[in-house]
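Per-entry structural report
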Amino acid sequence: MSNISYPFTSESVSEGHPDKVADQISDAILDAYLERDPESKVACECLITSGQLIIAGEVTSNACINVDKIARKVITDIGYISEDLGFDAEKATIHNLLHEQSREINESVADGGAGDQGLVFGYATDESSELLPLPILISHRLVEAQAKFRKDGSIPWLRPDAKSQVTVRYVDGVPTAVEKVVLSTQHDPGVDQQEIRQTVIEKIIQPVLDQYFPDSTPEFLVNPSGSFIVGGPHGDTGLTGRKIIVDTYGGSCPHGGGAFSGKDPTKVDRSGAYAARYVAKHVVAAGLAKRCTVQISYAIGVVEPTSLLIDTHKTGIVWDRLIESKVFALFDLTPQGIIRKLALKRPIYSQTATYGHFGKNELPWEQLDPDIIEALKLLKQARRKSTFNNRLLAVSPEINLRLKTAIGSGTIQCWHEDKGPLFFEPSKREWKSLDGPTPEKPFDFNADELATVESALLDYSEKRRAYFKKAQASVNEQLRHTLPSKNTPA
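Just so you know, these numbers come straight off a predicted model, no measurement behind them.

Rules of the game
- Residues numbered from 1 in each chain as written.
- Predicted model: local features only at pLDDT ≥ 70, side-chain atom pairs only at ≥ 80, totals over all residues.
- Heavy atoms only, no water.
- Pairing = 2+ DSSP bridges.
- Helix = DSSP H or I, 4+ residues; strand = E, 2+ residues; numbered from the N terminus.
- Right-handed = clockwise from strand over helix to strand, strands pointing away.
- Contact = heavy atoms within 4.5 Å.
- pLDDT = per-residue confidence, 0-100.
- Axes fitted to C-alpha atoms, helices over the stretch in contact; angles between N-to-C directions.
- Buried < 20%, exposed > 50% of the residue type's maximum accessible area, 1.4 Å probe, protein only.
- Lys, Arg positive; Asp, Glu negative; His and termini not counted.
- Salt bridge = Lys/Arg side-chain N within 4 Å of Asp/Glu carboxyl O.
- Polar contact = N/O pair within 3.5 Å; in protein donor to acceptor, adjacent residues only side chain to side chain.
- Expected span 1.5 Å × (residues − 1).

1. Some remarks on the pairing of strand S9 (residues 174–187)
In this structure, strand S8 (residues 158–171) lies alongside S9, joined through 11 bridges in antiparallel fashion. When the sheet's bridge partners are listed, Thr-167 is paired in S9 with Lys-180. One ladder, built from 4 bridges, connects S9 with strand S10 (residues 219–222); its direction is parallel. Following the sheet pairing, Val-182 is matched in S10 by Leu-221. For the handedness criterion, the β-α-β arrangement of S9, helix H5 (residues 193–210) and S10 is classed as right-handed.

2. Here's the deal with the environment of Gly-251
In this fold, Gly-251 is placed in the loop between helix H7 (244–247) and helix H8 (268–285). The spacing of Gly-251 and Glu-11 is 240 residues in sequence and 9.1 Å in space, taken between C-alpha atoms. Look past the residues within four positions of Gly-251 in its chain and what remains in contact with it is Phe-8 and Ile-245.

3. Focus on the confidence of the model for the chain
Looking at the chain as a whole, the pLDDT averages 88, with 87% of positions reaching at least 70. Scored below 50 in pLDDT, residues 384–390 shows 19 contacts in the model against residues more than four places distant or in partner chains.

4. Notes on the sheet that holds strand S1 (residues 5–13)
Read across the sheet, 4 strands follow the order S1-S8-S9-S10 without closing on themselves; strand pairing throughout is mixed. With one partner strand each, in any of the chains shown, S1 and S10 form the two edges of the open sheet. Ignoring which end each strand starts from, the neighbouring axes of this sheet average 15° apart.

5. Re the side chain of Asp-88
Among the structural elements, Asp-88 can be located in strand S5 (residues 87–88). Within the buried set, Asp-88 has no salt-bridge partner at all; the shortest N-O distance to an opposite charge, 4.4 Å, is to Lys-91. At a separation of 3.0 Å, a polar atom in the side chain of Asp-88 contacts the main-chain amide nitrogen of Glu-90. Look past the residues within four positions of Asp-88 in its chain and what remains in contact with it is Tyr-80, Ile-81, Ser-82 and Glu-83.

6. Brief notes about H8
Here H8 is 18 residues long and its end C-alpha atoms lie 24 Å apart, about the 26 Å a rise of 1.5 Å per residue gives. With respect to burial, H8 is a largely interior element, 17 of its 18 residues being buried.

7. So, the pattern of salt bridges
Taken as a whole and judged by the stated rule, the model has 28 salt bridges. Residue Arg-270 is joined to Asp-27 by a salt bridge in which the shortest nitrogen-to-oxygen separation is 2.9 Å. Here Asp-27 lies in helix H1 (residues 18–36) and Arg-270 lies in helix H8, a separation of 243 residues in the sequence. Exposure class is identical for Arg-270 and Asp-27. Each is buried. Lys-345 is the salt-bridge partner of Glu-39, the closest N and O atoms lying 2.8 Å from each other. One end of the pair, Glu-39, is in the loop between H1 and strand S2 (41–49); the other, Lys-345, is in the loop between helix H10 (335–342) and helix H11 (370–377), and 306 residues separate them in sequence. Judged by its relative accessible area of 25%, Lys-345 falls in the partly exposed class. Each of the salt bridges in this network shares a partner with another, and the network as a whole consists of Glu-15, Arg-150 and Lys-151.

Written out as structure tokens, the structure reads:
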């Protein structure tokens, strides 16, 4: 084991955070349109501040909905029902600036093309049963618990706005402990900060941590800035789509930059990201890798993705390119293919607007397809095994070299126990050192020793080339005969 140790931190926010209030309104409006007209095209953005809510965006739909009523209900359900809390759902002024979608954009998706260009990422890891990274998963669970205790009255002085942050210690890529927990929660006036700290640790934080790391003894930072009475839209202006890292993987993988909430599934910012997660989750669940990042890109009006990348972060048991080939065959990653497979023209999006878009088993992109899992498992037959990597070349009792070669490279790295590494190029029969020049006497071998070593290395190189040629032929044959057609139900 290399024992590489590092901390990784993610954050989440509660449903009362102003940005999340905006997200929830946007998705509630989207769901209302889809419930009445599944073909609705919606891009809804919200800005919420003290006593004011602005709703803007583009809609093409046969449905008529009461936007004002929907927005006020969302805000009421969150708990902003009094000016004492900084926002009163019934008294607030709402500006509805929704208008019809551009005809050009509408036409671009008419034949199944993407509604815009963009790149999306999906991710999965085996460090939790949800196949999500633990820092973001625990962060979500903390603010979920805060909302539960607030709503059931168990902690009567809690208010809607809250944020969490969790630092997890990793050793060789495996989470081993929680090191720091930050939880800031809005509260009523007159509550002692020591009471807040003790109650939050005992009732909210510790029960959540015990589910994952019962023996952890992290540092707790509860309301580290002190009093937190003013919060929500009165404390900070909220905008739709401003918590994209909270919505996804907490920074554990890249993000394409596009927000989700308020967008119908023809927008690949949303549906493409769900498909990427769907692919990554199947790759990990099939046992092909411990971690998997998927990138997909699209162009406006173009049906097929413009690129697909699979990265298993050196945890894969087969080549990433082989997984890509299988993914292309098994998954229809066109916008309409994604919508059909995951049945995305349904009013299912309000539940995604808080505590992350991933890891909730009731969502279609989180549900594993047994047929796809079995098809992916076939790739284990092409398991990556190289008897020519990190091999000991014992030429004689006095000459022992550790050989290491990169797939796709002909250069052989030779490690001598006492003299370190040199590089041998079989095609040129040349030696090079780390800084480039050719050494006069490689490893201080005499002429006979050098001739013996080079002969062995040339033989090794030939066997290695023949091995990989045969392996590639086997992979090509497997792809021709084992890849089923795309799993795209009508």
